[in-house]
Amino acid sequence: MAIPVILDCDPGHDDAFNILLAAAHPTIDLLAITTVAGNQTLEKTTLNARRVCTVAGIEGVPIAAGRDRPLHGPVRVAASIHGESGLDGPGFKDPTVPLDRRDALTLIRDTLLAHPRPVTLVPTGPLTNIAAFLLAYPQLTDRIERIVLMGGSTDRGNTTPAAEFNIHCDPEAADIVLTSGLPVTMLGLNASHQVLATEDVIARFTALGTPLADICTEMLGFFAGRYREVFGLPGAPLHDPLTVAHLVDPDLVTFVRANVAVELTGTHTRGATVVDLHGVTGRAPNADVATVVDAGRFWDLIVGAVWALGAHQA
Ligand code: RIB
Ligand code: CA
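Given the structure is predicted, the values throughout are model-derived calculations rather than measurements. (Residues numbered from 1 in each chain as written. Chains lettered and ligands numbered in written order. Predicted model: local features only at pLDDT ≥ 70, side-chain atom pairs only at ≥ 80, totals over all residues. Heavy atoms only, no water.)

Examining the UniProt feature "domain: Inosine/uridine-preferring nucleoside hydrolase" (unreviewed entry) in the protein
What counts here: UniProt positions are given in the numbering used here, feature names are shortened, and annotations may be inferred rather than shown by experiment. By the criteria applied, helices consist of DSSP H or I runs no shorter than four residues and strands consist of E runs no shorter than two, each listed in order from the N terminus.
Per the UniProt record, "domain: Inosine/uridine-preferring nucleoside hydrolase" (unreviewed entry) is found at residues 5–300. Taken as a whole, residues 5–300 contains 38% helix and 19% strand, while its terminal C-alpha atoms sit 21 Å from one another.

Notes on the pairing of strand 2 (residues 28–35)
On a regular strand, one side chain projects to one face of the sheet and the next to the other, so that they alternate. Cut-off, in case you're wondering: Three exposure classes are used, based on accessible area relative to the maximum for each residue type with a 1.4 Å probe and protein chains only: buried under 20%, partly exposed in between, and exposed over 50%. Any two strands with at least two DSSP bridges between them are considered paired. With the strands aimed away from the viewer, a crossover counts as right-handed if its path from the first strand over the helix to the second runs clockwise.
Summarising burial for strand 2: 7 of the 8 residues are buried, a large majority. Bridge count for strand 1 (residues 3–9) against strand 2 is 7 bridges, and the pairing is parallel. Each bridged residue has a counterpart across the sheet, and for Val-5 the counterpart in strand 2 is Leu-30. At this point the chain moves from strand 1, through helix 1 (residues 13–24), to the parallel strand 2, and the crossover so formed is right-handed. Pairing of strand 2 with strand 3 (residues 63–65) involves 3 bridges; the strand directions are parallel. Looking across to strand 3, one finds that Thr-34 is bridged to Ala-64. Assessed by its sense of winding, the connection that carries the chain from strand 2 through helix 2 (residues 42–56) to strand 3 is right-handed.

A few points about the pairing of strand 5 (residues 144–150)
Judged by how many residues are buried, strand 5 sits mostly within the fold: 5 of 7 residues are covered. Relative to strand 5, strand 4 (residues 119–123) runs parallel, the two being bridged by 3 bridges. Within strand 5, the position partnered with Val-119 by the bridge is Ile-144. Regarding the hand of the β-α-β motif, the stretch spanning strand 4, helix 5 (residues 128–136) and strand 5 is right-handed.

Observations regarding the packing of helix 9 (residues 199–206) against helix 10 (residues 211–231)
Stated precisely, the cut-off is as follows: Every axis corresponds to a line fitted to the C-alpha atoms, with the helix fit spanning only the stretch in contact, and the corresponding angles, defined between N-to-C directions, vary from 0 to 180 degrees. An angle counts as roughly parallel when it lies under 35 degrees, as roughly antiparallel when it exceeds 145, as roughly perpendicular when it falls between 65 and 115, and as oblique in every other case. Crossing handedness follows the turn of the near helix against the far one: under a right angle anticlockwise gives a left-handed crossing, and clockwise gives a right-handed one. Any pair of residues with heavy atoms lying within 4.5 Å of one another is described as a contacting pair. Three classes are used, and their members are as follows: Ala, Val, Leu, Ile, Met, Phe, Trp, Tyr, Cys and Pro are nonpolar, Asp, Glu, Lys and Arg are charged, and the others, Gly among them, are polar.
For the pair helix 9 and helix 10, interaxial distance at closest approach is 8 Å and the crossing angle is 160 degrees. Taken together, the axis directions place helix 9 and helix 10 in an arrangement best described as roughly antiparallel. By crossing handedness, the relation of helix 9 to helix 10 is classed as left-handed. Packed against helix 9, whose contacting residues are Ile-202, Phe-205 and Thr-206, the element helix 10 presents Ala-213, Cys-216, Thr-217, Leu-220, Gly-221 and Ala-224 at the interface. Each residue belonging to the contact of helix 9 with helix 10 can be placed in one class, and the counts come to 6 nonpolar, 3 polar and no charged.

Some points on the coordination of the calcium ion (ligand 2)
Quick reminder of the rule: In this description, a donor is an N, O or S atom within 2.8 Å of the metal centre, a cutoff extended to 3.2 Å for sodium, potassium and calcium. Water is not part of the atom list, which can make sites seem incomplete.
Distances from the calcium ion (ligand 2) to its protein donors, Asp-10 (OD), Asp-15 (OD), Asp-15 (OD), Thr-124 (O) and Asp-240 (OD), fall at 2.2 to 2.6 Å. Expressed as a motif, the donor residue spacing for the calcium ion (ligand 2) is D-x4-D-x108-T-x115-D. Highlighted residues: Asp-15 in helix 1 and Asp-240 in the loop between strand 8 (236–237) and helix 11 (241–248), separated in sequence by 225 residues. On the basis of relative accessibility, which here comes to 1%, the residue Asp-15 falls in the buried class. A residue is classified by how much of its surface remains accessible, and Asp-240, at 1% relative accessible area, is buried.

Digging into helix 7 (residues 171–178)
Counting buried positions along helix 7 yields 6 of 8 residues, so the element is predominantly enclosed. Among all positions in helix 7, only Pro-171, Glu-172, Ala-173, Ala-174, Val-177 and Leu-178 are buried. Check the buried side of helix 7 and you find it contacts helix 5, strand 5, helix 6 (165–169), strand 6 (184–187), strand 9 (253–262) and strand 11 (287–293).

Observations regarding helix 5
The buried fraction of helix 5 is high, at 7 of 9 residues. Regarding helix 5, the residues found buried are Thr-128, Asn-129, Ile-130, Ala-131, Ala-132, Phe-133 and Leu-134. Check the buried side of helix 5 and you find it contacts strand 1, strand 2, helix 4 (104–114), strand 4, strand 5 and helix 7.

Structure representation (structure tokens):
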């Protein structure tokens, strides 16, 4: 039976590939997409979600916009990595996939109430929408199966030396999610940096020869170029699709159970995920934390999804 999923995202190049994987793979029932401010402003991340669904022919999946700023603190974007549009690289035409008239929290509420089984939430941006939903609808937490999120790290950050972008944007939201008592799976930078979109990987998309694959090549080319310039990496870590890849192939990522605390007040460490890998704090484990990724199987999944969605375009 397919896994019912809601994606909450800030497209964002890697978010885009997570949408493609969720839409393409038969083990996922993509019920809804909600957007949040993160990689770019809410307006831009929402437009990008519609653009991705349009070029991939993803229809009938409602897209609703959520929060345009974190629960606390300033709005931050990642234009240095994702560009001014948030999805620089390809030239997109105006999207034909519409924006749902509801806001994100209403769409999540309606989707949970309408589905016969608990739904898996897959946030890959700042956790603002998810935290706001938990605060607004505590009576609906029993309709949430689990939360599988991209964010944090067992070691260094990427936005400050200590903090990863999604958590750094809204640490209070992350704290609400991690202390909610819901089953949380955390896929952090320590895992996503095991799946770098290098030139060899990008060549696999180019070889597909479909218009969608060409757009993916352009997205990855831009994304990898920025990671080379900013971080000196040989490719771009495709962070977000680790979430859906884990759902599709549970053995693809190895996890340890640990307590994850979010630093809220540190002058130099606000937004850090403090992962107690060895149980030294005595704090009860509250998350399954990703450690090791089978990169080969991961890329096979992503390339397969792009081919599946674009084959009819060939
Ligand atoms: O730090 C990487 C994460 O922040 C990814 O989800 C990326 O899309 C940005 O949202
Ligand atoms: Ca993201």
